[in-house]
Amino acid sequence: MIGRFLRLTLRGLADFRLHPVAQLLTMVAVAMVTLLTGLILIGFHTVNLELLKSRGQVEFQAYWQHGQSRDAVRADWDAIGAMDHLTEFATFTPEDALTELASTLGESGDFSWLAGDNPLPHSALVRFAVPPEAQEEGWAARLLTSLKELPGVDKVNYTPFQTDLAQGWMTLSQLVIWPVLGFLGLVISLVVHNTIKLSLLTRRDEIEILALVGASPAYIRWPLLASGFLQGLAGASAGLGLLAGAHALAADALDFAPFFIRIPFLPPEQMLMLAGGVTLVAMASSWVAVK
């Protein structure tokens, strides 16, 4: 039994010599479909990484109560410096803030007369970048609360734009992008199916003759299934090769100011899913077409 299936499989592979043009055009169609899908997945993967790597990164501007002692402020600064996921912490004394303000205003920024009675408070710029495994809804609000609860802090400002942007991207990907990719997968299935079905029309006489002489359906279909498997595998491999070439040319296309984005290639699991999906579609298309 195993030997028979092996012979039928080898016969399906050998059929490539009988209709080379039709087989080649089918593999080209499969490769182009794989390339198109791969380009879309790379674009989605790149945007996903760029947004998600900044998800959870927020910037807080903290101001201490005016007249707070330096020791009390430094104790709060030490508490902030010990917080998890801190990436940047810049502190400013009232003198530092006054000097920064004067340098910003230029020649008109002479505040030397305020040196004895500086109205500016201690302040700090704090930035956190929470890794993906620690991200959850409301983490920025908890950080804000922790900063406000420090004894000498008067007020804390922050801009949650990056967090909101990443959260919006996740919602958009769930509601729009993945359904669009699913629809694209359906279109790809139809394209591959119709392409392989058209290639099988060139073998219609051969199939009818085999049926007339009493060949079983399995005897007829198995070589075609093996042929579809090889077409799908070869076409998917060629498509991934073209995708790798296109990526090599465009990997640094956005690696310049102000973007500095290097386009990554598909991760191995997505490559396997893409190649396996196209191959399975080609096999199923061969089976349905001949049936």
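Nothing here was measured: the structure is a model prediction, and the numbers come from that model.

**Structural notes on the packing of helix α7 (residues 204–212) against helix α8 (residues 217–250)**
Relative orientation and spacing of two packed helices are given, respectively, by the angle between their axes and the distance between those axes.
Okay, step 1: Where α7 contacts α8, the axes come no closer than 10 Å and their chain directions differ by 150°. Overall, the two elements α7 and α8 adopt an arrangement that is roughly antiparallel. On the side of α7, the interface is formed by I207, L210 and A211, while α8 contributes Y219, I220 and L224.

**As for the UniProt feature "transmembrane region" (unreviewed entry) in the chain**
Okay, step 1: UniProt records the feature "transmembrane region" (unreviewed entry) at residues 21–44, 175–196, 229–251 and 271–290, using the numbering of this structure.
Okay, step 2: Between the end C-alpha atoms of residues 21–44 the distance is 35 Å, and the span holds 100% helix and 0% strand.
Okay, step 3: Counted over residues 229–251, helix gives 96% and strand 0%. Its end C-alpha atoms are 31 Å apart.

**A short note on the nonpolar core**
One broad rule of soluble globular proteins: the nonpolar side chains tend to lie buried together.
Okay, step 1: In this structure, F60, W64, I80, V126, L147 and V156 are the most contacted members of the largest nonpolar core, which totals 18 residues.
Okay, step 2: Contributing elements (two or more residues each) for this core: β1 (57–64), α3 (70–81), β3 (123–129), α5 (139–148) and β4 (153–159).
Okay, step 3: Dropping the residues within four chain positions of it, W64 is found in contact with V73, D76, W77, I80, P121, H122, S123, A124, G152, V153 and D154.
Okay, step 4: The next biggest cluster of nonpolar side chains, apart from the first, holds 13 residues, and it includes V30, I42, I263 and A275.

**Some words on α5**
Okay, step 1: Of the positions making up α5, those classed as buried are W139, A140, L143, L144 and L147. Projection of α5 onto a plane perpendicular to its axis shows the buried side chains occupying an angular sector of 145°, all on one side.

**As for a nonpolar patch on the surface**
Okay, step 1: Together, F183, L186, V187, L190 and V191 give the surface a local cluster of nonpolar side chains, amounting to about 450 Å² of exposed area.
Okay, step 2: Positionally, L190 belongs in helix α6 (residues 161–201).
Okay, step 3: A residue is classified by how much of its surface remains accessible, and L190, at 48% relative accessible area, is partly exposed.

**Remarks on the packing of aromatic side chains**
Okay, step 1: Counted according to the given criterion, the structure contains two aromatic pairs.
Okay, step 2: Aromatic side chains W64 and W77 sit 6.1 Å apart centroid to centroid with 90° between the ring planes, which places their arrangement in the edge-to-face category. With W64 in strand β1 and W77 in helix α3, the pair connects residues that are 13 residues apart, well separated along the chain. Judged on exposure class, the residue W64 and its partner W77 are both buried.
Okay, step 3: If you follow K155 out to its NZ or CZ, it ends over the ring of Y63, 5.4 Å from the centre.

**Some details on the pattern of salt bridges**
Okay, step 1: Using the criterion set out here, one finds two salt bridges in the structure.
Okay, step 2: A salt bridge links E88 to R127; its shortest N-O distance comes to 2.2 Å. Separated by 39 residues along the polypeptide, E88 in strand β2 (residues 86–92) and R127 in strand β3 bring together distant segments of the chain.
Okay, step 3: We classify E88 as partly exposed; its relative accessible area is 31%.
Okay, step 4: Across the pair R262 and D252 runs a salt bridge, and its minimum N-O distance is 3.0 Å. On the criterion of sequence distance, the pair formed by R262 in the loop between α8 and α9 (268–290) and D252 in the loop between α8 and α9 is long-range, its members being ten residues apart.

Rules behind the numbers
- Residues numbered from 1 in each chain as written.
- Predicted model: local features only at pLDDT ≥ 70, side-chain atom pairs only at ≥ 80, totals over all residues.
- Heavy atoms only, no water.
- Axes fitted to C-alpha atoms, helices over the stretch in contact; angles between N-to-C directions.
- Helix = DSSP H or I, 4+ residues; strand = E, 2+ residues; numbered from the N terminus.
- Parallel < 35°, antiparallel > 145°, perpendicular 65-115°, else oblique.
- Contact = heavy atoms within 4.5 Å.
- UniProt positions renumbered as here; feature names shortened; annotations may be inferred.
- Core = buried A, V, L, I, M, F, W, Y, C linked by side-chain atoms within 4.5 Å.
- Buried < 20%, exposed > 50% of the residue type's maximum accessible area, 1.4 Å probe, protein only.
- Arc of directions from axis to C-beta.
- Patch = residues over 30% accessible without salt bridge, like charges linked within 9 Å, V, L, I, M, F, W, Y side chains within 5 Å.
- Areas by Shrake-Rupley, 256 points an atom, 1.4 Å probe, with all protein chains shown as cover.
- Salt bridge = Lys/Arg side-chain N within 4 Å of Asp/Glu carboxyl O.
- Phe/Tyr/Trp six-rings, centres within 6.5 Å; stacked < 30°, edge-to-face > 60°.
- Lys NZ or Arg CZ within 6 Å of the ring centre and 35° of its normal.

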